[in-house]
Amino acid sequence: VQLEESGGELVQPGGSLRLSCVDSGGPLSNYAIGWFRQSPGKERESVAYIGGSTTLYSDSVKGRFTISRDNNKNTVYLQMNSLKPEATAVYYCAAPITAIIGDTYFGMKYWGKGTPVTVSS
C-alpha cells in the first residue's frame, strides 16, 4: 500500500476543494479508508471514513464534506465545501480502518504524506 494525497491548496473562506487519495501499491477497494487532518499546534483528528457503503464524518465537517471512492481509479476523494479558516491543516488519508469508537479511528498501518489546505482570504 502506498497512499498519496493531492488537491490541497489555498482557498478562500466559503470555497471548495476536492482532495484525492490514490493507492499506487494495490487495490484501494480492499480497505476502509479514513481522512484525517492536523492543524498547526493541534493533534491530528479524524475527518471522514468510508468502508463498504458506510460513510462517517466528524461533527465539525458533517453536511459540508463528502467522502467517496472510485474503485476504477483506485482513488478515495474528500469533497470539501463551505470551507472555514479552521479547516486549515495538512490532510492525510490512511488505511486500513479496522474499528471506530466515537471520532477515534483504529488500525491504520499506512499513511500518505499529506496535502496542505489553507483557507484564508
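See the structure printed just above.
Cut-offs applied
- Residues numbered from 1 in each chain as written.
- Predicted model: local features only at pLDDT ≥ 70, side-chain atom pairs only at ≥ 80, totals over all residues.
- Heavy atoms only, no water.
- Helix = DSSP H or I, 4+ residues; strand = E, 2+ residues; numbered from the N terminus.
- Rg over C-alpha atoms; globule rule 2.2 N^0.38 Å.
- Buried < 20%, exposed > 50% of the residue type's maximum accessible area, 1.4 Å probe, protein only.
- Contact = heavy atoms within 4.5 Å.
- Areas by Shrake-Rupley, 256 points an atom, 1.4 Å probe, with all protein chains shown as cover.
- Lys, Arg positive; Asp, Glu negative; His and termini not counted.
- Charge placed at Lys NZ, Arg CZ, Asp CG, Glu CD.
- Pairing = 2+ DSSP bridges.
- Axes fitted to C-alpha atoms, helices over the stretch in contact; angles between N-to-C directions.

Student: Is there a simple way to explain the overall build of the protein chain in this structure?
Tutor: Helices and strands together make up the secondary structure of the protein chain, namely 0 helices and 13 strands. The N-to-C order of helical and strand elements in the protein chain reads β-β-β-β-β-β-β-β-β-β-β-β-β. A compact globule built from 121 residues should have a C-alpha radius of gyration of about 14 Å, and the protein chain, at 13 Å, falls within 12% of that. Seen through its principal axes, the protein chain has C-alpha atoms that stretch 40 × 30 × 25 Å. Here the protein chain holds 121 residues, and 42% of them are scored as buried. Counting only contacts in the protein chain whose residues sit at least 6 apart along the sequence, the fraction spanning at least 24 positions is 58%. Approximately 6300 Å² of the protein chain is accessible, and the part contributed by carbon and sulfur atoms is 45%. With 11 positive and 10 negative side-chain charges, the protein chain shows a separation of 2 Å between the mean positions of the two kinds.

Student: Help me out: how do you make sense of the sheet that holds strand β7 (residues 65-70) in this one?
Tutor: In sheet architecture, strand pairing relies on hydrogen bonds along the backbone and comes in two forms, parallel and antiparallel. If you trace the 4 strands from one edge of the open sheet to the other, you get β1-β3-β8-β7, paired in antiparallel fashion. Strand pairing shows two members of the sheet lacking a second neighbour, β1 (3-6) and β7, which therefore form its edges. Recorded for the sheet is a direction-independent mean angle of 15° between the axes of neighbouring strands. As defined by bridge partners, strand β3 (residues 17-23) adjoins strand β8 (residues 75-80) across 6 bridges and the pair is classed as antiparallel. Across the sheet, the residue bridging to R18 is Q79, located in β8.

Student: Honestly, the pairing of strand β6 (residues 54-57) in this entry has me stumped. Any pointers?
Tutor: Looking along a regular strand, one sees side chains alternate from face to face of the sheet. The pairing of strand β5 (residues 45-51) with β6 spans 4 bridges and is classified as antiparallel. Among the inter-strand pairings, I50 is bridged to a residue of β6, identified as T55. In sequence, β5 turns back onto β6 through a hairpin of 2 residues, with G52 there showing a positive phi of about 60°.

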